[in-house]
Amino acid sequence: MKNIILFLTVLFLTFVNAQSQKQDTFKETSAILKINNDQIFGTLTVPDGVKKCPVALIIAGSGPTDRDGNNSMMKNNSLKMLAEELAKNGIASLRFDKRGIGESKKSAVAESSLVFENYTEDVKSWINYLKQDKRFTQLTVIGHSEGSLIGMIASAKANKFVSIAGAGESADKLIKTQIASKSNKQIEDMTFPIIDSLKGGNKVNKVDPLLNSLFRASIQPYLISWFKYDPQTEIKKLTFLF
């Protein structure tokens, strides 16, 4: 009986050690993208023991979500875990803090000047950054939530694209759907004309103070730039095979 217990103990410790070794089969280093006077910071995760491998560029979703998938309201390390699992399967990855977020906070653009293209152009620059690294063979762009649309627009030079919980409609339609779900006609009558105006590329000068969180003047340029992109249209522009 003692021999059986000893054997099982050794077997368990061997399994735990093997799992620990598997989790340490990659290295993480800092990556810095320099655009004019701005610096955007990321983490490059590369499997150990490989000279060449595929690489994925991971783009976080909307709001103040950092490179690991965390924000002030929630910590789940989802994108960090994704990078680690990719590495365990022989795929390198780069994830980054968007402008104004985390370590890239100093590269924030003033809200009144921020447009959707700030993010898509940054991703195009990250793609060029990775394609210059001779260690990497194919490049896949992985976008989560809003990061899906950003990646979709920027992926012309990528080899593959993966959308994780990306929207299937333009943002103006999504916002209208969310508002309509509240079944409040008064709110619909107040907001829908504003959304339609922004969709048409026109700012709205008079916004009820109750709606400032959504439609304040300083955020309208971003909304105008965001509303013009339809993921159903953008994904058709990707010419590579999935």
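What counts and what doesn't
- Residues numbered from 1 in each chain as written.
- Predicted model: local features only at pLDDT ≥ 70, side-chain atom pairs only at ≥ 80, totals over all residues.
- Heavy atoms only, no water.
- Buried < 20%, exposed > 50% of the residue type's maximum accessible area, 1.4 Å probe, protein only.
- Helix = DSSP H or I, 4+ residues; strand = E, 2+ residues; numbered from the N terminus.
- Arc of directions from axis to C-beta.
- Contact = heavy atoms within 4.5 Å.
- Pairing = 2+ DSSP bridges.
- Axes fitted to C-alpha atoms, helices over the stretch in contact; angles between N-to-C directions.
- 1 Å grid on protein atoms, 1.4 Å probe; cavity = no way out; pocket = protein on both sides within 12 Å on 5 of 7 lines; lining within 4 Å.
- Points joined across faces, edges and corners; volume = space filled by probe spheres on them.
- Nonpolar A, V, L, I, M, F, W, Y, C, P; charged D, E, K, R; others polar.

Chemist: Please explain helix α2 (residues 78-88) as it appears in this structure.
Modeler: Think of an α-helix as turning once every 3.6 residues; residues three or four places apart then point the same way. Those residues of α2 that fall on the buried side of the exposure criterion are Leu79, Ala83, Leu86 and Ala87. Taken down its axis, α2 places every buried residue within 100° of arc, on the same side. Buried residues along α2 sit in contact with β1 (26-35), β2 (38-47), β3 (53-59), β4 (92-96) and β5 (136-144). After α2 finishes, the residue glycine 90 shows a positive phi value of roughly 80°.

Chemist: What should I look at first to understand the sheet that holds β1 in this one?
Modeler: Note: strands within a sheet are paired through backbone hydrogen bonds, in either parallel or antiparallel orientation. Strand order in the open sheet made by the 6 strands is β1-β2-β4-β3-β5-β6, with mixed pairing throughout. Looking at strand neighbours, the two that pair on one side only are β1 and β6 (160-164), the edges of this open sheet. Going across the sheet, the axis of each strand differs from the next one's by a mean of 25°, ignoring polarity. Inspection of the sheet shows β1 paired to β2 by 10 bridges, in the antiparallel sense. Within the sheet, the bridge partner assigned to alanine 31 lies in β2 and is glycine 42. This element, helix α4 (residues 146-154), spans β3, β5 and β6 of the sheet and lies at about 140° to β5.

Chemist: Would you take a moment to explain the layout of surface pockets for this structure?
Modeler: Rolled over the atoms, a probe with the dimensions of a water molecule shows which regions are left empty. Reported here for the largest pocket is a volume of approximately 750 Å³. Lining the largest pocket are 33 residues, and of these Ser62, Gly63, Glu146, Tyr222 and Trp226 sit closest to its centre. Ranked by residue count, the leading element in the lining of the largest pocket is helix α5 (residues 171-180), at 4 residues. Taken together, the residues of the lining of the largest pocket sort by class into 19 nonpolar, 8 polar and 6 charged.

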